[in-house]
Amino acid sequence: MKALRDTRHMTVRHLLALWRQPWWIAVSLIQPVIWLLLFGALFKAVTDIPGFGSDNYIQFLAPGVVVMTAFFGAGWAGMPVIEDIDRGVIDRFLVSPVKRSSLISGRLASWSLTTAIQSLIIVVLALIVGASFANSVLGVAILIVEAILVGAAFGCLSIGLALLIRKEETLIAAVQFLVLPLSFMSVTFMQKSLMPGWMQTVSDFNPLNWAVEAGRDAVTAGPDWGAIAGKTGLLVAFLCLCGFFAMRAFRTYQRAV
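On a predicted model such as this, the values are computed, not experimentally measured, just so you know. (Residues numbered from 1 in each chain as written. Predicted model: local features only at pLDDT ≥ 70, side-chain atom pairs only at ≥ 80, totals over all residues. Heavy atoms only, no water.)

1. Regarding the nonpolar core
Core analysis: the largest hydrophobic core is formed by 72 residues, its most contacted members being Tyr-57, Val-67, Phe-71, Phe-133, Phe-154, Ile-159 and Leu-163. No other element matches helix α8 (residues 136–165), which puts 14 residues into this core. Among residues more than four places away in sequence, those in contact with Tyr-57 are Phe-39, Gly-40, Phe-43, Lys-44, Val-46, Thr-47, Phe-52 and Phe-189. (Core = buried A, V, L, I, M, F, W, Y, C linked by side-chain atoms within 4.5 Å. Buried < 20%, exposed > 50% of the residue type's maximum accessible area, 1.4 Å probe, protein only. Helix = DSSP H or I, 4+ residues; strand = E, 2+ residues; numbered from the N terminus. Contact = heavy atoms within 4.5 Å.)

What follows is the structure, given as structure tokens:
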């Protein structure tokens, strides 16, 4: 299909751009390393709280860090779009025969590959500092899939906002408005049962929380596969919704040029 061929070409374009700055992956790992090592050391005593349910905070935290790394990275997916708009790159693609959907799917495909690499690095680092992951390769693979799903969804949201806003400062403010509240109203850092009641309610509707819970459950010794499948289904539905928003935003941009 032409859409798949065009997506492949656009993916290669973005990967070649990344190849010219390979240190970007290493630099983007600084923040998750800080979360894993410093937060892990700072809050390791919380495992002594009755009802926490884990005696190793690094092991509890690691799946959340994997998902949050994808989530934070996806929040900035719209920034290169604004740069391409300002440079006229998007407009040149619009007069070419390339499928319009591939302009978004190509970015997401290259970003997903980068996320998978970063997630594997974080998993290895977590293993080095004392974490363990049950269900071996399958559990880690599901964790990475959950991270990619939530990241792709928020990547679509960021790209859609970029196409509508077209201002870097406004996009930065919008991303910050979403990223920080959603991060702390999830089970990334704390067991759900120990969160305030209103936060527990909000977390039930938080896509980031779905990914963290499903990913963490997948790497535990007794996973609830039904719950994992349910949360994965919710993430797929959310991704489709955000993808629809991004495509509508693209059509709005086309009509404006």
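2. As for empty space enclosed by the protein
Under the counting rule described, the total for this entry stands at three cavities of 30 Å³ or more. Here the largest cavity is characterised by a volume of approximately 80 Å³. Lining the largest cavity we find Phe-71, Gly-75, Phe-154, Leu-157, Ser-158, Leu-161, Val-175, Leu-178 and Val-179. Contributions of two or more residues to the lining of the largest cavity are made by α4 (57–75), α8 and α9 (168–184). With four residues, the top contributor of residues to the lining of the largest cavity is α8. Along the lines of polarity and charge, the residues of the lining of the largest cavity split into seven nonpolar, two polar and no charged. (1 Å grid on protein atoms, 1.4 Å probe; cavity = no way out; pocket = protein on both sides within 12 Å on 5 of 7 lines; lining within 4 Å. Points joined across faces, edges and corners; volume = space filled by probe spheres on them. Nonpolar A, V, L, I, M, F, W, Y, C, P; charged D, E, K, R; others polar.)

3. So, the confidence of the model for the protein
Of the residues in the protein, 95% have a pLDDT of 70 or more, and the chain-wide mean is 86. Within the protein, helix α11 (residues 207–218) carries the highest mean pLDDT (95), whereas helix α2 (residues 23–28) carries the lowest (68). (pLDDT = per-residue confidence, 0-100.)

4. Thoughts on the layout of surface pockets
Taken as a whole, the second largest pocket encloses approximately 220 Å³ of empty space. Taken together, 14 residues make up the lining of the second largest pocket; nearest its centre are Ser-54, Gln-59, Phe-60, Arg-216 and Thr-220. For the lining of the second largest pocket, the element with the highest residue contribution is α4, accounting for three residues. When the residues that make up the lining of the second largest pocket are grouped by side-chain class, the tally is five nonpolar, seven polar and two charged.

5. Some thoughts on the pattern of salt bridges
In the structure shown here, the tally under the stated rule is five salt bridges. Two residues, Arg-107 and Asp-84, come together in a salt bridge whose shortest N-O distance is 2.4 Å. With a gap of 23 residues between them, Arg-107 in helix α7 (residues 102–128) and Asp-84 in helix α5 (residues 78–87) connect regions that are remote in the sequence. Judged on exposure class, the residue Arg-107 and its partner Asp-84 are both buried. Of the charged contacts in the structure, one is a salt bridge between Asp-204 and Lys-192, with a shortest N-O distance of 2.3 Å. Residue Asp-204 is found in the loop between α10 (197–203) and α11, and its partner Lys-192 is found in the loop between α9 and α10; the two are separated by 12 residues along the sequence. You can call Lys-192 partly exposed: its relative accessible area is 23%. Sharing partners across several salt bridges, the network here consists of Glu-83, Asp-84, Arg-87 and Arg-107. (Salt bridge = Lys/Arg side-chain N within 4 Å of Asp/Glu carboxyl O.)

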